[in-house]
Amino acid sequence: ALVSIYAFNVVLLAVIGRSYLASLPDGTSVLGWAQTILAYIANFAMLALVPGILLLPTLFVRRRWLTLTLAPLLFGLLNVFIYADSIIYVLWRFHFNGMIWNLLTTSGAGDTVTAGKGTVAYTVAVIVVIFAEQFGLAWVVLPRLRARKFALRWRSKRALIMSCSAVVLLIALDKVLYDVGDLRDDSEVVRLRSLLPLYQTVTIKRFASRVLGMNVSPKPQLRMKTGGSLNYPKSPIRFRPDSARPNIVIIAIEGARFDMLTPAVMPLVTRWGEKNLVFDDHYSSGNTTRYGIFGLLYGICGSYWQAALAGHEGPVLIHTLKQIGYHFRILSCTDLNFPEFRGNAFIEVPEAITDQWQGPRVDRDRLMTDQFIQFVDEKPAPFFAFMFYDASHQPYHFPAEHAVFDTGTLTDEINYIKIAHKGGDWRLVENRYRNSLHYVDAQIDRVLRTLEERNLMDHTLVFIVGDHGEAFGELGLFGHDSAFDRYQTKTLCVAHIPGEAPRHLRRMTSHEDVPATILTYMGAENPLADYTQGLPLTTNKTRPFVFIATWCAGAIVDTNTITTFGLEAYNADTTVLDTNDTPLPNQRAALAAQRAELMAGLEAMRQFMK
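This structure is a prediction, so every number in the text was calculated from the model and none was measured.

## Considerations on the nonpolar core
Here comes step 1: Counting residues in each nonpolar core, the largest one holds 91 residues, and the members touching the most others are I251, I253, F372, I444 and I464.
Here comes step 2: The leading source of residues in this core is helix α4 (residues 64–92), at 11 residues.
Here comes step 3: Apart from the residues lying within four places of it in its own chain, the contact partners of I253 are M266, F388, Y389, S392, L437, V440, I444, I464, V465, G466 and D467.
Here comes step 4: If you look at the next biggest cluster of nonpolar residues, it comprises 68 residues, including Y232, L277, A495 and L537.

Right under this line is the structure:
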């Protein structure tokens, strides 16, 4: 019975996980498909061994009811996990990982991730079906087949040995073929590590080189230096005696990507930008909120996030402003326990934070703007204000009066499973996003008019940026945090710097440049390398690249390429892609050409480590 349940579940897992195969790129060769299918089946055969092995002790108890009760539970849980993981992979191109666990266990995560009722209902239905199949097989089908002649043959020792041998040979063949492909540096084989869930690999490159004398030239790899703590800043900030003390307003907008700064989507900020500075090639320091906001406030790359969080070290910008007597107001439409900005970015000014709101979520952006206006009216000069607008986070909230783009019958109860299986209209979802930005645009206009009406603009620095971008299927992906392409990393950026003539700046800029801009304007005498990896936004110097980070990976992005690399020991891959997120054909030559940028990125990750 246990062997039959195992075999059934290998097939069921292959059916449930078929979405993984749908993500194979066009142009995959016949041999690539063949090896992928082999690895696909072998991987599920290997995963199904886990509950099978856990159930072996029940055979010694010799209580059939115990085995046939625990088996459906354990195998059912495995199938539910693969189902959830396949949906995650289709939407974001990564598997269940530390980020997902973080979402499930961190206070405030509900403000960042919202599952619609359709998603919940669909998922519950699938889980019910999975467990119904498991218990139906164990308690209805197998007892009826038990007395059949073919079942008697299946229960023989010979059949058992042959079945076990077939599974072992299948898994072994997969690992051998993977090693051959790995030695050949075959990208269609190597990508199996990221394509298949929990796929285990065994590499023999070192053995082939040292024992067999084969010429094995591994790809250059970039590894993050681990351990230690931050050495940030390298020395306290010093100001000239006549240094300025401007008010500072930083406005971050959830997912506001570069091409949303248009008269149709954000008319008011677009019009205001034409009278100030617009940065046309601006990148976030991350493709997710925590790393985007981290770079925006700290002025250093996101690989330092964990060190800053572990050491509860705030940004030099806020620390310095506090030292010289600034007043603070930190306003966020989303709970700052997730991401954990209370534990690092704003740890020195907890009394200035407001991130809890009463009433419907759609009202938060308006209420937050009200709070800012009240703060300004108290005239606490000089002041630093940070505002994080969140209506443009999925499922993209907006009042009825801002429904300027057609969303059909789509509501904020978006069924993401339906979208993942190509059953939904991506454009309608994107129109919800555009409407939410239209709403945020009106709130930001209230902020700007408040500063202008109080005659504060001549003494105030203002920065308006997206925390990261947002994709709507342009390159086959949805949302953010799944790639480093322009749709997920390039954001709008508009700034007001007193004394600067209105203009568009088309050179590459980064969130990391904002603290450098502020402190330089204020007359900081330190060299930039003391406290930032950014450049003042108005400098004539040209950035060769920007550094972008996410949970366990980073990227060096220049005008022509995106070079991605792992930030964890288990993810040591380095890949060079074009700007459409497609790997370049000759990776060795591409990596050689990027060597200088990779080394600069490595130094950036080491610069502020003790």
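That covers the picture; the talk isn't over yet.
## Quick word on the confidence of the model for the chain
Here comes step 1: Averaged over all residues, the pLDDT of the chain equals 89, while 91% of them reach at least 70.
Here comes step 2: Of the regions scoring below 50 in pLDDT, residues 216–228 engages in 32 contacts with residues more than four places distant in sequence or in other chains.

## Concerning the sheet that holds strand β13 (residues 561–566)
Here comes step 1: Taken together, four strands build an open sheet; the order of strands is β11-β12-β13-β14 and the sheet is antiparallel. At either margin of the open sheet sits one strand with a lone partner, and together these are β11 (546–549) and β14 (574–578). Recorded for the sheet is a direction-independent mean angle of 20 degrees between the axes of neighbouring strands.
Here comes step 2: Relative to β13, strand β12 (residues 553–557) runs antiparallel, the two sharing five bridges. Bridge assignment links G554 to a residue of β13, and that residue is F565.
Here comes step 3: Across the sheet, helix α22 (residues 595–606) is in contact with β11, β12, β13 and β14; its angle to β13 comes to roughly 50 degrees.

## Some points on the packing of aromatic side chains
Here comes step 1: Counted by the stated rule, this structure contains 22 aromatic pairs.
Here comes step 2: Residues F258 and Y487 carry aromatic rings whose centres are separated by 6.3 Å and whose planes lie at 40 degrees to one another, so their mutual orientation is tilted. Residue F258 is found in the loop between β1 (247–253) and α12 (267–273), and its partner Y487 is found in helix α19 (residues 486–489); the two are separated by 229 residues along the sequence.
Here comes step 3: Ring geometry for W426 versus F478: centroids 5.3 Å apart, planes at 70 degrees, classification edge-to-face. In this pair, W426 is assigned in helix α18 (residues 426–453) and F478 in strand β8 (residues 478–479), connecting sequence segments 52 residues apart.
Here comes step 4: In textbook terms, an aromatic cluster arises when at least three aromatic residues are bridged by ring pairs, as seen for Y232, Y291, F294, Y298, Y304, W305, F341, F346, F386, W551 and F608.

## Some details on the pattern of salt bridges
Here comes step 1: On inspection of all chains with the given rule, the structure shows 22 salt bridges.
Here comes step 2: Between K175 and D174 there is a salt bridge, with the nearest N and O atoms lying 3.4 Å from each other. Side by side, K175 and D174 carry an identical accessibility label, which is buried.
Here comes step 3: Put simply, R342 and D355 hold a salt bridge, and the shortest N to O gap is 2.9 Å. Placement of R342 in the loop between β3 (327–332) and β4 (353–354) and of D355 in the loop between β4 and α16 (364–377) is noted, with a sequence separation of 13 residues between them.
Here comes step 4: Overall, R342 belongs to the partly exposed group, its relative accessible area being 31%.
Here comes step 5: One salt-bridge network, in which partners are shared between bridges, spans R257, D259, R427, E430, R434 and E474.

## Here we look at the state of the cysteines
Here comes step 1: Applying the stated rule across the entire model yields zero disulfides.
Here comes step 2: No disulfide involves C333; its nearest neighbouring cysteine sulfur is the one of C493, lying 20 Å away.
Here comes step 3: Since its relative accessible area comes to 1%, C333 is described here as buried.

## Describing unusual backbone geometry
Here comes step 1: The omega torsion of the bond from F338 to P339 falls at -5 degrees, within 30 degrees of zero and hence cis.
Here comes step 2: With respect to the helices and strands, the residue P339 is situated in the loop between β3 and β4.
Here comes step 3: For the peptide bond that leads from Q394 to P395, omega is 10 degrees, which places it in the cis range.
Here comes step 4: By the element assignment, P395 lies in the loop between β5 (383–389) and α17 (416–420).
Here comes step 5: Here L198, not a glycine, exhibits a phi torsion of approximately 55 degrees, which is positive.
Here comes step 6: Secondary-structure assignment places L198 in the loop between α10 (192–195) and α11 (205–210).
Here comes step 7: Backbone geometry at K379 places phi at a positive 50 degrees, although glycine is not the residue there.
Here comes step 8: Turning to its location among the elements, K379 is positioned in the loop between α16 and β5.
Here comes step 9: Looking at K379, the relative accessible area reads 60%, which means it is exposed.

## Some points on the environment of R506
Here comes step 1: Within the element layout of this structure, R506 appears in strand β10 (residues 503–510).
Here comes step 2: Leaving out residues up to four positions away in the same chain, R506 has contacts with D280 and D281.

## Some thoughts on helix α13 (residues 289–298)
Here comes step 1: Counting buried positions along α13 gives 10 out of 10 residues, so the element sits mostly inside the fold.
Here comes step 2: Of all the residues in α13, the buried ones are T289, R290, Y291, G292, I293, F294, G295, L296, L297 and Y298.

## Describing the side chain of D467
Here comes step 1: The residue D467 is located in the loop between β6 (460–466) and β7 (471–472) in this model.
Here comes step 2: R290 provides the closest opposite charge to the buried, salt-bridge-free D467, at an N-O distance of 9.9 Å.
Here comes step 3: At 2.7 Å, the side chain of D467 forms a polar contact with the side chain of T289.
Here comes step 4: Side chain to side chain, D467 and H468 meet in a polar contact 3.2 Å long.
Here comes step 5: Leaving out residues up to four positions away in the same chain, D467 has contacts with I253, E254, G255, S284, G286, T288, T289, G292, I293, F388 and H511.

## A closer look at the environment of R245
Here comes step 1: Relative to the helices and strands, R245 resides in the loop between α11 and β1.
Here comes step 2: When near neighbours in sequence (up to four residues on either side) are disregarded, R245 contacts F239, I324, Y326, P382 and M522.
Here comes step 3: Within polar-contact distance, the side chain of R245 engages the side chain of S243 at 2.7 Å.

## Quick word on a nonpolar patch on the surface
Here comes step 1: A cluster of nonpolar side chains, namely L49, I53, L56, L59 and F60, defines an oily patch on the protein surface of about 500 Å² accessible area.
Here comes step 2: Mapping L56 onto the fold places it in helix α3 (residues 30–61).
Here comes step 3: For L56, a relative accessible area of 38% gives the class partly exposed.

## Topic: the packing of helix α1 (residues 2–16) against helix α6 (residues 117–145)
Here comes step 1: Put simply, α1 and α6 touch, their axes get as near as 12 Å, and they point 155 degrees apart. Compared by their axis directions, α1 and α6 come out roughly antiparallel. As α1 packs across α6, the resulting crossing turns out to be right-handed. Two secondary-structure elements touch here, α1 through S4, I5, F8, N9, L12 and I16 and α6 through I130, E133, Q134, L137, A138 and L142.
Here comes step 2: Considering only residue class, the contact of α1 with α6 consists of eight nonpolar, three polar and one charged.

How each quantity is defined
Residues numbered from 1 in each chain as written. Predicted model: local features only at pLDDT ≥ 70, side-chain atom pairs only at ≥ 80, totals over all residues. Heavy atoms only, no water. Core = buried A, V, L, I, M, F, W, Y, C linked by side-chain atoms within 4.5 Å. Buried < 20%, exposed > 50% of the residue type's maximum accessible area, 1.4 Å probe, protein only. Helix = DSSP H or I, 4+ residues; strand = E, 2+ residues; numbered from the N terminus. Contact = heavy atoms within 4.5 Å. pLDDT = per-residue confidence, 0-100. Pairing = 2+ DSSP bridges. Axes fitted to C-alpha atoms, helices over the stretch in contact; angles between N-to-C directions. Phe/Tyr/Trp six-rings, centres within 6.5 Å; stacked < 30°, edge-to-face > 60°. Salt bridge = Lys/Arg side-chain N within 4 Å of Asp/Glu carboxyl O. Disulfide = S-S within 2.5 Å. Lys, Arg positive; Asp, Glu negative; His and termini not counted. Polar contact = N/O pair within 3.5 Å; in protein donor to acceptor, adjacent residues only side chain to side chain. Patch = residues over 30% accessible without salt bridge, like charges linked within 9 Å, V, L, I, M, F, W, Y side chains within 5 Å. Areas by Shrake-Rupley, 256 points an atom, 1.4 Å probe, with all protein chains shown as cover. Parallel < 35°, antiparallel > 145°, perpendicular 65-115°, else oblique. Left-handed = near helix turned anticlockwise from the far one by under 90°. Nonpolar A, V, L, I, M, F, W, Y, C, P; charged D, E, K, R; others polar.

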